[in-house]
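Descriptive analysis of the structure
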Amino acid sequence: MKNLLVYYFAILLPVPFLIWYAFNEPVTFCFLLASYYIYRGFIDGQRLIDLNILERSKIYLAFIPFWSARYFGKLYFNLN
């Protein structure tokens, strides 16, 4: 996932569904929100692996809250 557009598409695709369920099905929304947290951890970890910042064996670090914030510029803007 080295392409920045693909990364943005992957992280923003589920958001309309989350918004719709937030207003219509609150129980399902809670389940989907927890699932989105896991999904984002995986997507962020995969991008960091593809950018050679993180080793594949340490992808679990991407699931720690705010851990990927230290790589904010590299994740969202391709800054070095």
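Residues numbered from 1 in each chain as written. Predicted model: local features only at pLDDT ≥ 70, side-chain atom pairs only at ≥ 80, totals over all residues. Heavy atoms only, no water.

A count of helical and extended segments in the protein gives four helices and zero strands. N-terminal to C-terminal, the α/β element order of the protein is α-α-α-α. Referenced to the eigenvectors of the C-alpha coordinate spread, the extents of the protein come out at roughly 40 × 25 × 15 Å. Relative to its 80 residues, the protein shows a buried fraction of 31%. Here the protein contributes 7 positively and 4 negatively charged side chains, and the mean placements of these two sets differ by 10 Å. (Helix = DSSP H or I, 4+ residues; strand = E, 2+ residues; numbered from the N terminus. Buried < 20%, exposed > 50% of the residue type's maximum accessible area, 1.4 Å probe, protein only. Lys, Arg positive; Asp, Glu negative; His and termini not counted. Charge placed at Lys NZ, Arg CZ, Asp CG, Glu CD.)

Applying the stated criterion to the full structure yields one salt bridge. The partner of arginine 40 in a salt bridge is aspartate 44, with the nearest N and O atoms 3.5 Å apart. Remark: aspartate 44 and arginine 40 occur in helix H3 (residues 26-50); sequence separation between them is four residues, near one turn of the helix. Aspartate 44 shares its class with arginine 40; the two are buried. (Salt bridge = Lys/Arg side-chain N within 4 Å of Asp/Glu carboxyl O.)

Bringing H3 into the picture now. Along its 25 residues, H3 runs 35 Å from first to last C-alpha, staying within 8% of the 36 Å computed at 1.5 Å per residue. Where H3 is concerned, the buried positions are Tyr36, Arg40, Gly41, Ile43, Asp44, Gly45, Gln46, Arg47, Leu48, Ile49 and Asp50. Residues of H3 that are buried make contact with helix H1 (4-12), helix H2 (15-24) and helix H4 (72-76). Looking one or two residues past H3, asparagine 52 carries a phi angle of roughly 60 degrees, positive in sign. (Expected span 1.5 Å × (residues − 1). Contact = heavy atoms within 4.5 Å.)

So, on to the environment of isoleucine 49. Residue position: isoleucine 49 is located in helix H3. Residues isoleucine 49 and lysine 2, 47 residues apart in the sequence, show an inter-C-alpha distance of 9.4 Å. Aside from chain neighbours lying at most four places away, what touches isoleucine 49 is Leu54, Glu55, Arg56 and Ile59.

Looking now at the packing of H2 against H3. As a packed pair, H2 and H3 sit with axes 7 Å apart at the nearest point and diverge in direction by 150 degrees. Of the possible angle classes, the one that applies to H2 and H3 is roughly antiparallel. The two elements H2 and H3 cross, and the hand of that crossing is left-handed. The segment H2 lies against H3, with Val15, Leu18, Tyr21, Ala22 and Asn24 engaging Pro26, Thr28, Phe29, Leu32, Leu33 and Tyr36. (Axes fitted to C-alpha atoms, helices over the stretch in contact; angles between N-to-C directions. Parallel < 35°, antiparallel > 145°, perpendicular 65-115°, else oblique. Left-handed = near helix turned anticlockwise from the far one by under 90°.)

Helix-helix packing: each pair is described by the crossing angle between the helix axes and the interaxial distance. Relative to each other, H1 and H3 sit at 170 degrees, their axes nearing to 10 Å. Here H1 is positioned roughly antiparallel relative to H3, judged by the angle of their axes. Residues Leu4, Tyr7, Ala10 and Ile11 of H1 form the contact with H3, whose participating residues are Tyr36, Tyr39, Arg40, Ile43, Asp44 and Arg47. In the contact of H1 with H3, the residues fall into seven nonpolar, no polar and three charged. (Nonpolar A, V, L, I, M, F, W, Y, C, P; charged D, E, K, R; others polar.)

The analysis is restricted to geometry; functional conclusions fall outside its scope.
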